[in-house]
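So the chains spell out like this:
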Amino acid sequence: MGRYPLDNVQRLTNSDHARLLALLVPSLKTHFSRVGTPRFLPTKTSHADLDLVVQCRLNAVSISSFQNTLAAEWAATSKVINGATCSYNVQGFQVDVTFLPSKNLQNEREDEDDEAIFNAYLGCMHWGDFSHIMGVIVKQFGLKWTSLGLELVVSDQDAYDSIALPQPVKQSHKSDDTQEPPNQNNPQQRIGEILLTQSFPDALEFLKYDPQKWQDGFLSEGDMFEYLVSSPLFSREWMLPWVNATKPVEKMTATVALFKQFLMQHKSEAGDCDLGSNPIEKHAFKMTALHHFGKMDKHQDMVTAFLQKSAMDELMRAVFSGKLVVRVTGLDPKYDGGKIGQIKSRVRGLIESRRLSGDVADWRRDIARITQKDMEQIVRKVWDDIY
């Protein structure tokens, strides 16, 4: 992975890389049913390390035990553990082994197939900096290219767009109470991500690239660069802020630096749509992606939950507080904190229960009409019911 966490290691030649693969992979296959290594460009002549990815243990031994076992089997002189990856010094070269879980434990992804998780993780590592650059490209569409697959970022603006509401503008703290436009003073808030697909070929096809070319591989960096700009959705203009970013060149990989030069010096006949005449509206594109991959229901659930919570938060800030509870009930915050908290929780639950079904936009408009007097009556009712 090129981060050199180990001391006293050297770069691998292609010959070293192939020799170590032949030595280490059979050893791994005695412990794991899935073993893979990322593909690299044929023009690459040396490697910072040898990357290996494994999944599905063949016996019930802990990962930490495996890490120690491999160190002994490979006569590693040192090892460093960084999360799921263990780096070994084997014959003076760095070998990074990433241990993938057999089940992704994130709740929303528990039903995903192990092999798909493995292929996505490994696919994200293919062809060096390909995924890094593709991640910059798809970010313009509100998407993410990650080791999980192609993801869609859901923002608060997506939620407000879904019910045709403008994004609320946060109050400025300036003395004249002026407000900045939303894109300056009220940046979009990320409320979650939706995994569209774990299949990079499917993702590439949706993005109007040739997936077979990615699977077959690239002949050189130039060949890969031409591919990255080949989609009719690609816009050189969208990439210019990234190209012109002030990040020091020494902090970029050589491939990323070369791709930036490529964009400045070369204009591919394929792709590079004219942003002025053929803009792609991000929200509409994201809706297309959700329909294409069958994720509209998940998106609707996510934005509905956000809209309901944000409406409640706005209402609570505007007309409800612990002081109101104290005023209505006569409770003493010094001694009755538990009761005050219980009443606040019951009041919120009572208002939320008004939306048992139906349109969330109607519910938001309904509760927006609740005044402080209304809230006092609700608090009094809750107080009488409990005590």
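Residues numbered from 1 in each chain as written. Predicted model: local features only at pLDDT ≥ 70, side-chain atom pairs only at ≥ 80, totals over all residues. Heavy atoms only, no water.

Draft legend 1. Seen up close, the nonpolar core. Counting residues in each nonpolar core, the largest one holds 78 residues, and the members touching the most others are Phe130, Trp145, Phe259, Ile351 and Met375. Here the element with the most residues in this core is helix α13 (residues 296-319); it accounts for nine residues. Those residues within four positions of Trp145 in sequence are excluded, and the remaining contacts are Cys124, Phe130, Ser131, Met134, Gly135, Val138, Leu150, Phe200, Ala203, Leu204 and Leu207. Listed in part, the 21 residues of the second largest apolar core include Leu28, Cys86, Phe93 and Phe99. (Core = buried A, V, L, I, M, F, W, Y, C linked by side-chain atoms within 4.5 Å. Buried < 20%, exposed > 50% of the residue type's maximum accessible area, 1.4 Å probe, protein only. Helix = DSSP H or I, 4+ residues; strand = E, 2+ residues; numbered from the N terminus. Contact = heavy atoms within 4.5 Å.)

Draft legend 2. Just the sheet that holds strand β8 (residues 143-146), in detail. Taken together, three strands build an open sheet; the order of strands is β8-β9-β10 and the sheet is antiparallel. Of all strands in the sheet, those with a lone pairing partner are β8 and β10 (190-197), marking the two edges. Taking each pair of neighbouring strands and ignoring which way they run, the sheet shows an average axis angle of 30°. Taken together, the six bridges between strand β9 (residues 149-155) and β10 define a ladder with antiparallel strand orientation. In the strand pairing of β10, Leu152 is matched with Ile194. Lying on the sheet, helix α12 (residues 282-292) is in contact with β8, β9 and β10; it crosses β9 at an angle near 130°. (Pairing = 2+ DSSP bridges. Axes fitted to C-alpha atoms, helices over the stretch in contact; angles between N-to-C directions.)

Draft legend 3. How the structure looks around the sheet that holds strand β5 (residues 79-82). Strand order in the open sheet made by the five strands is β2-β4-β7-β6-β5, with mixed pairing throughout. Each edge of the open sheet is held by one strand with a lone partner, namely β2 (32-36) and β5. Strand-to-strand twist across the sheet, computed as the mean angle between neighbouring axes with direction ignored, equals 25°. Strand direction decides the pairing type here: strand β4 (residues 50-57) and strand β7 (residues 93-100), joined by six bridges, are parallel. Its bridge partner being in β7, Gln55 is matched across the sheet by Leu100. Packing of helix α1 (residues 14-29) onto the sheet brings it into contact with β2, β4, β6 (85-90) and β7, and relative to β4 it is tilted by some 10°. Here helix α3 (residues 114-123) sits on the sheet in contact with β2, β4 and β7, set at roughly 175° to β4.

Draft legend 4. Expanded view of the environment of Arg190. Within the fold, Arg190 resides in strand β10. Overall, Arg190 belongs to the partly exposed group, its relative accessible area being 49%. Put simply, Arg190 and Asp156 are 34 residues apart on the chain and 6.4 Å apart in space, counted from C-alpha to C-alpha. Residues in contact with Arg190, not counting those within four places in the same chain, are Lys144, Val153, Val154 and Ser155. Of the polar contacts made by the side chain of Arg190, one reaches the side chain of Glu193; its length is 3.2 Å. (Polar contact = N/O pair within 3.5 Å; in protein donor to acceptor, adjacent residues only side chain to side chain.)

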